[in-house]
Amino acid sequence: SGSGEEGVSSGINAEYGGRNECVLVTRVDQEKGYLDLSKRRVVQEDIKQTEEKYSRAKTVNQILRHVGELLDYEDNKQLEDFYRRTAWFFDKKYATSGGSYERFKEAAQKPEVLDELDIDEHTKEFLLKEIKRKLTPQAVKVRADVEVACYAYEGIDAVKNALRAGLALSTEEVPLKINLIAPPVYVISVTLLNEEKGVEVVRKAMDAIKASIEAAEGNFNVKLEPKVVTDTDDKKLQEELDQRERAMQEVDGDDDEGEESDDDEDEDEEEDDE
């Protein structure tokens, strides 16, 4: 009913029951101000792209609103004018290359990016400070767990060679690490600012290890695909490594006691012979 625009295909994030959902705008009723939305008609491939777009817009909005509060803006008119001079300017000028989010992100490393904005130095100072607080890149840790084993002739040497093949990809800029959790499970990890590059280098290490161990008639299985791990995940891994180290120390201690017992028995036998 009313004068609507049929077939609108914009993907947006709408809130349902306290959670965000990606939906498709199917019709706009301009007279009544209504939107018809559809979850069912959303293309799966568009969900990630729409959620990322929403997240970026939300970040930009948080930055500008907080700056407005710090500058004691008294009404929405001042805030709207601030948007027009900053985010909306970038969104219009750089619409095909990430808009305001990408320009703000770049400004965190290159403050001169903000020089083309029509704002005074005092406002620019507050804006830059908030941009750096929200958008300075944070290092992320990418991890993958794999099983590497060889029961053929080369045995443990084949495993060592395979792991070395993976570590060969490590550089000063890409500090790749491989740790043993418990045979035959190993964890491959790297900490970088760029998540995509981290996942890429871990996958390349996995491919190198797989090619090497399978060439020696060994086995390679993926236990955990490459992913960004949280501080909690990292702490849990460290606990596993510490536990393994303690277990090895206990085993070494048992071996030493066994050797001492054998020595004692030998001494007793010598005394009996006398």
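Notes on the structure in this doc start here. The shown structure was predicted, so the numbers you read here are calculated from the model rather than taken from an experiment.

Turning our eyes to something else, we now look at the overall build of the protein chain. When you go through the protein chain residue by residue, the secondary structure sums to eight helices and eight strands. Contacts in the protein chain between residues at least 24 apart in sequence constitute 55% of all its contacts with a sequence separation of at least 6. Summed over all atoms, the accessible surface of the protein chain reaches about 18500 Å², with 44% contributed by carbon and sulfur.

As a further point, take the sheet that holds strand β7 (residues 185-192). Within the open sheet, the four strands sit side by side as β6-β7-β5-β8. Their pairing is antiparallel. Each edge of the sheet is formed by a strand with only one pairing partner; in this case those strands are β6 (177-182) and β8 (219-229). The average angle at which neighbouring strand axes cross in this sheet is 20°, direction not considered.

End to end, helix α7 (residues 195-215) covers 30 Å across 21 residues, agreeing with the expected 30 Å (1.5 Å per residue, within 8%). The inward-facing, buried residues of α7 contact β5 (140-149), α6 (156-167), β6, β7 and β8. Positive backbone phi, approximately 65°, marks Glu217, located one or two places after α7.

A word on the pattern of salt bridges. In the structure shown here, the tally under the stated rule is 17 salt bridges. A salt bridge links Lys223 to Glu147; its shortest N-O distance comes to 3.7 Å. Taken together, the residues Lys223 in strand β8 and Glu147 in strand β5 connect sequence positions 76 residues apart. Three or more residues joined by partner-sharing salt bridges are found here, namely Glu80, Asp81, Arg84, Arg85 and Asp118.

Applying the stated criterion to the full structure yields five aromatic pairs. Taken together, a centroid distance of 6.1 Å and an interplanar angle of 80° make the contact between Phe90 and Phe104 edge-to-face. Taken together, the residues span a long stretch of sequence, with Phe90 in helix α3 (residues 87-93) and Phe104 in helix α4 (residues 99-107) at a distance of 14 residues. As far as burial versus exposure is concerned, Phe90 and Phe104 are alike and both buried. Three or more aromatic residues joined by ring pairs make a cluster, and in this case those are Phe89, Phe90, Tyr94 and Phe104.

In this section: helix α5 (residues 121-135). Taking 1.5 Å of rise per residue, the 15 residues of α5 would be expected to cover 21 Å, and the 20 Å separating its terminal C-alpha atoms lies within 8% of that figure. By the burial criterion, the buried members of α5 are Thr123, Lys124, Leu127, Leu128, Glu130, Ile131 and Leu135. Contact partners of the buried residues in α5: α1 (44-70), α2 (76-85) and α4. Where α5 begins, one side-chain oxygen reaches toward the backbone nitrogen of His122, 3.0 Å away; that side chain belongs to Asp120.

A few words now on the environment of Asp207. Considering the arrangement of structural elements, one finds Asp207 in helix α7. Note: C-alpha distance between Asp207 and Ala165 (42 residues apart in sequence) is 9.4 Å.

Now for the pairing of strand β4 (residues 34-38). Two strands pair when backbone bridges link them, and strand β3 (residues 19-29) and β4 are joined in this way by five bridges, in the antiparallel orientation. Considered in β4, the bridge of Val25 is made with Leu37. Between the antiparallel neighbours β3 and β4 lie four residues, among them Gly33 with a positive phi of about 75°.

Rules used in this analysis
- Residues numbered from 1 in each chain as written.
- Predicted model: local features only at pLDDT ≥ 70, side-chain atom pairs only at ≥ 80, totals over all residues.
- Heavy atoms only, no water.
- Helix = DSSP H or I, 4+ residues; strand = E, 2+ residues; numbered from the N terminus.
- Contact = heavy atoms within 4.5 Å.
- Areas by Shrake-Rupley, 256 points an atom, 1.4 Å probe, with all protein chains shown as cover.
- Pairing = 2+ DSSP bridges.
- Axes fitted to C-alpha atoms, helices over the stretch in contact; angles between N-to-C directions.
- Expected span 1.5 Å × (residues − 1).
- Salt bridge = Lys/Arg side-chain N within 4 Å of Asp/Glu carboxyl O.
- Phe/Tyr/Trp six-rings, centres within 6.5 Å; stacked < 30°, edge-to-face > 60°.
- Buried < 20%, exposed > 50% of the residue type's maximum accessible area, 1.4 Å probe, protein only.
- Polar contact = N/O pair within 3.5 Å; in protein donor to acceptor, adjacent residues only side chain to side chain.

Nothing here speaks to function; it is all geometry.
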